[in-house]
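# Notes for the structure review
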Amino acid sequence: MCDHSHWMLGIRTLAVLLATLVSSVAETPKPLSSPLYMDPSQPMDARVEDLVSRMTLEEKLRAMEALWDDLCRREENVPVPQWHQDILDERERAVAEGKARFVDWETAKKRISEKLS
């Protein structure tokens, strides 16, 4: 497994690349000076923040979906804290013993909405 800082750098780099691609095909006019996110001498955090601030909601959602898809393809590289693994193991045991069951996402959203109302 890779350490958290290395993993986050990879995610941020992917976000910068995806957003750069999305922004390069956007129909908005390019500013006369280069944006901060295009300057490799700037800190990565500043570049990512600048880029994300320029993205539309649709671009942000597409980038998030692309990141999620990429993480799912490389699930074994995503570190899971022990406390979270313990919860997942307990839920798996409860399902196997018939003490719990899975529901589809639409049903789960409906239940959450009803509890919040």
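Rules used in this analysis
Residues numbered from 1 in each chain as written. Predicted model: local features only at pLDDT ≥ 70, side-chain atom pairs only at ≥ 80, totals over all residues. Heavy atoms only, no water. Helix = DSSP H or I, 4+ residues; strand = E, 2+ residues; numbered from the N terminus. Contact = heavy atoms within 4.5 Å. Areas by Shrake-Rupley, 256 points an atom, 1.4 Å probe, with all protein chains shown as cover. Salt bridge = Lys/Arg side-chain N within 4 Å of Asp/Glu carboxyl O. Expected span 1.5 Å × (residues − 1). Buried < 20%, exposed > 50% of the residue type's maximum accessible area, 1.4 Å probe, protein only. Arc of directions from axis to C-beta.

### A closer look at the overall build of the protein
Scanning the protein from N- to C-terminus turns up five helices and zero strands. In sequence order, the protein lays out its α and β elements as α-α-α-α-α. Contacts spanning at least 24 positions in sequence make up 53% of the contacts within the protein whose residues lie at least 6 apart. Accessible surface for the protein amounts to roughly 9,600 Å². Of this, 59% is attributable to carbon and sulfur atoms.

### Considering the pattern of salt bridges
In the structure shown here, the tally under the stated rule is seven salt bridges. For Glu 58, the salt bridge goes to Arg 62, with nearest N and O atoms at 2.6 Å. Of this pair, Glu 58 and Arg 62 are both found in helix H3 (residues 57–73), four residues apart, which corresponds to roughly one turn of the helix. Counted as one network, the salt bridges with shared partners bring together Asp 70, Arg 73 and Arg 74.

### Some thoughts on H3
A rise of 1.5 Å per residue sets the reference length of H3, with its 17 residues, at 24 Å; its end C-alpha atoms lie 24 Å apart and thus fit the reference within 8%. Glu 59, Ala 63, Leu 67, Asp 70 and Leu 71 are the residues of H3 that are buried. Within H3, the buried residues cover an arc of 105 degrees as seen down the axis, which keeps them to one side. Of the residues in H3, the exposed ones pointing more than 90 degrees away from the buried face are Leu 57, Arg 62, Met 64, Glu 65, Trp 68 and Arg 73.

### Some words on helix H2 (residues 44–54)
Residues Arg 47, Val 48, Asp 50 and Leu 51 constitute the buried set of H2. End-on view of H2: buried residues confined to an arc of 165 degrees, all on one side of the axis. Residues of H2 that are exposed and angled more than 90 degrees away from the buried face: Glu 49 and Ser 53.

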